[in-house]
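# Coordinates in review
What follows is each chain in one-letter form.
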Amino acid sequence: MIQRFQIEDLVIQDLSGVVFRAFDTITNQTVAVRRFFPFGANGGGLREDEQTAYNIAVGRLATITHPALRAVICGGCDPVDGMPYIATEWLEGLPLESFIRPGLVEPAAAANVLLKALEVCELLSDVLAEEAVWVETSLQAIVVGAEGTGRGVTFWIAPLKWLGKNDGHRGLEPIITLTEEIMGWTGKSVSDQADHGLEGWLKWLRGKAQTTTLRQAREMLAAFIGVEPPATAKKPAHQPTCPPVMTRRKKSWLWPIAVGAAVALVAIASGGYFFVKRSNTATAAMALEPGPADLAATTTPSPEAQPEAPAPATARSEQRSVDQENRKATELMSSSRDLDRQTNARRTAVRKQGNVFAVGDRQLLLERKGSEVRLEGRLAEVRLSNSGATLYLEFSKPAANDEPRGYIMQNDLTEAADSESLRKLVGKNVRLSGKVNTPSSKLRPEIQIKNFAAIQEVP
């Protein structure tokens, strides 16, 4: 099988996922490969039905082309653990927050960014057949293309939303938050300018966030600032495909030494997943989009005006920030590799022990969901569920919400093996044999015990 994506570097990792810089052997282009943790860093992957839905969504998203959206190349789910991933174009540039100066952003320029956000969300909603803010709205996740890229403000699709992890947040609140952050209005009451300006639109949207549509919000914004709303981009009719295989290769010497601000994923609601390269073309990159004003100025400079050179202290501060981010990226890469080695070593040890798992092997147990396993540990408590239908065999008291445990249905108990006989095993080392399920939580592996013979006392 052709191994399409060759991993060059781990860019950043947090509780929501990991981003790799990779080489696409089909297009010979650098791409961003993002592997998601849909249930947290210690959670499992998607179920079979969820994988099917994910693959359908990625296939649809890969048909979209828009200058303000990172193109989706392809995606899928890891055949081993069910973890979803996606490959998108790699875009050199700076985060939007680099151009934001509190109190110095023209409403018309901010409105230009918001119009683009609403436009691409409308396009994505049409493809996914559901209205939502489908893009990352963190100022760190929105990229302004570097000089030579030909790209202005560019958004990234928010995958955790179309994985169904934010079903309760399908209104336009993220657009409200984005507006407030760009303008420096977070936590403030904006002035009421009757029926015109960004302030009036924001006030209107705050009252309509749960009921208005993306198109209505976009048309109202255009009306408030007095411009025509941009036309929605058309979708091309192509269906890219890609094998779910990734391999790691040695770091290329072409990888830039000076890498800029890494962006952490925002928790669940709209995490950002990108890492941008600092360049010496920040001034040129500030041309966000053809629009009525520059984001970082309140007045239009005269033709003779020259941009002010940054103060030496500011330059040194920015360089220190770059160096700090580089160190963080290096530490994350090292930490991830150490974790991989430890996990692989433990996986090998479990096999050598006859596939007997310990209580601390939660992630490995999640990988074996639906399979017969054996779990060994010192029993701390036998507890009846609130409904009285289930007995839980737990290995600590109180047990953590994600700690592996055994369970047996009251209907499966016999007179020879009632709840009291099970409680006699408390304080002893036991081995539970059964199938791994996740009835309480997708983060918690539970061993379903069918009979008393599946519980053995061990030395």
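Residues numbered from 1 in each chain as written. Predicted model: local features only at pLDDT ≥ 70, side-chain atom pairs only at ≥ 80, totals over all residues. Heavy atoms only, no water.

### Some points on the overall build of the chain
Regarding its fold elements, the chain presents ten helices and 17 strands. Within the chain, the proportion of its 459 residues that are buried is 47%. Considering only contacts in the chain between residues 6 or more positions apart, those separated by 24 or more positions represent 64%. (Helix = DSSP H or I, 4+ residues; strand = E, 2+ residues; numbered from the N terminus. Buried < 20%, exposed > 50% of the residue type's maximum accessible area, 1.4 Å probe, protein only. Contact = heavy atoms within 4.5 Å.)

### Here's the deal with the packing of aromatic side chains
Using the criterion set out here, one finds zero aromatic pairs in the structure. Note that arginine 34 overlies the ring of tryptophan 156, its terminal NZ or CZ placed 3.8 Å from the centroid. Directly above the ring of tryptophan 156 sits arginine 70, whose terminal nitrogen or CZ lies 4.0 Å from the centroid. (Phe/Tyr/Trp six-rings, centres within 6.5 Å; stacked < 30°, edge-to-face > 60°. Lys NZ or Arg CZ within 6 Å of the ring centre and 35° of its normal.)

### Quick look at helix α2 (residues 107-128)
Structural remark: α-helix, 3.6 residues per turn; residues separated by three or four positions point the same way. The end-to-end C-alpha separation of α2 is 31 Å, in line with the 32 Å expected for 22 residues at 1.5 Å each. Counted residue by residue, α2 has 19 buried out of 22 residues, so it is predominantly covered. Directly after α2, the chain includes alanine 129, whose backbone phi takes a positive value near 60°. (Expected span 1.5 Å × (residues − 1).)

### Topic: the sheet that holds strand β8 (residues 153-154)
Either a parallel or an antiparallel arrangement is found when strands of a sheet pair, and the pairing is made through backbone hydrogen bonds. Pairing within the open sheet is antiparallel, and its three strands lie in the order β6-β7-β8. Looking along the sheet, the strands with just one partner apiece sit at the ends: β6 (93-95) and β8. Here strand β7 (residues 143-145) pairs with β8 via two bridges, running antiparallel. Looking across to β8, one finds that valine 144 is bridged to valine 153. (Pairing = 2+ DSSP bridges.)

### Description of the environment of tyrosine 392
Its place among the elements puts tyrosine 392 in strand β13 (residues 390-394). Take tyrosine 392: its relative accessible area is 14%, and that puts it in the buried class. Through-space distance from the C-alpha of tyrosine 392 to that of glycine 406 is 5.8 Å; in sequence the pair is 14 residues apart.

### What about the nonpolar core?
Phe155, Ile182, Leu198 and Trp201 are the most contacted members of the largest nonpolar core, which totals 58 residues. Broken down by secondary-structure element, the contributors of at least two residues to this core are α1 (48-61), β4 (72-77), α2, α4 (173-183), α5 (197-208) and α6 (214-225). It is α2 that contributes the most residues to this core, 13 residues altogether. If we ignore the near neighbours within four places in the chain, the residues touching tryptophan 201 are Leu114, Leu118, Ile175, Thr179, Ala217, Met220, Leu221 and Phe224. One finds Leu364, Val373, Leu375 and Val382 within the second-largest nonpolar core, a separate group that totals 22 residues. (Core = buried A, V, L, I, M, F, W, Y, C linked by side-chain atoms within 4.5 Å.)

### Quick notes on the confidence of the model for the chain
Residues at a pLDDT of 70 or more form 69% of the chain, whose mean pLDDT is 75. Counting contacts from residues 236-241, a segment whose pLDDT is below 50, to residues more than four positions away or on other chains yields eleven contacts. Of the regions scoring below 50 in pLDDT, residues 243-311 engages in 162 contacts with residues more than four places distant in sequence or in other chains. (pLDDT = per-residue confidence, 0-100.)

### A look at unusual backbone geometry
Both trends apply: most residues other than glycine have a negative phi, and most peptide bonds are in trans. The peptide bond linking lysine 397 to proline 398 adopts the cis configuration, its omega dihedral lying at -5°. Of note, proline 398 is situated in the loop between β13 and β14 (405-409). Although it is not a glycine, alanine 129 adopts a positive phi angle of roughly 60°. On the secondary structure map, alanine 129 appears in the loop between α2 and β7.

### A look at the side chain of aspartate 81
Within the element layout of this structure, aspartate 81 appears in the loop between β4 and β5 (84-89). Here the side chain of aspartate 81 touches methionine 83 through a polar contact of 3.0 Å, landing on its backbone nitrogen. (Polar contact = N/O pair within 3.5 Å; in protein donor to acceptor, adjacent residues only side chain to side chain.)

### What about the pairing of β13?
Burial runs high along β13: five of the five residues are buried. Burial along β13 is two-sided: the residues Thr390, Tyr392 and Glu394 and Leu391 and Leu393 are all buried. Strand direction decides the pairing type here: strand β12 (residues 381-384) and β13, joined by four bridges, are antiparallel. Its bridge partner being in β13, leucine 384 is matched across the sheet by leucine 391. Counting the residues between successive antiparallel strands, the hairpin from β12 to β13 contains five residues, one of them, glycine 388, with a positive phi of roughly 80°. In this sheet, β14 lies alongside β13 in antiparallel orientation, the contact comprising four bridges. Its bridge partner being in β14, tyrosine 392 is matched across the sheet by tyrosine 407.

### Looking at the pattern of salt bridges
Evaluation of the coordinates by the stated rule reveals 20 salt bridges. In this structure, glutamate 89 and arginine 151 form a salt bridge, with 3.0 Å as the shortest nitrogen-oxygen distance. Here the residue glutamate 89 occupies a position in strand β5, and arginine 151 occupies one in the loop between β7 and β8, the gap between them amounting to 62 residues. Assigned by exposure class, glutamate 89 and arginine 151 land together as buried. Residues joined in a network through salt bridges with shared partners are Arg383, Glu394, Arg405, Arg444 and Glu446. (Salt bridge = Lys/Arg side-chain N within 4 Å of Asp/Glu carboxyl O.)

### Some remarks on the pairing of strand β3 (residues 29-36)
Where a strand is regular, its side chains alternate between the two sheet faces. The buried count for β3 comes to six of eight residues, which makes it a mostly enclosed element. Taking the residues that link successive antiparallel strands as the turn, the strand β2 (residues 17-24)-β3 hairpin has four residues, and the phi of asparagine 28 there is positive, at about 60°. Note that β3 and β5 share five bridges and pair antiparallel. Each bridged residue has a counterpart across the sheet, and for arginine 34 the counterpart in β5 is isoleucine 86.

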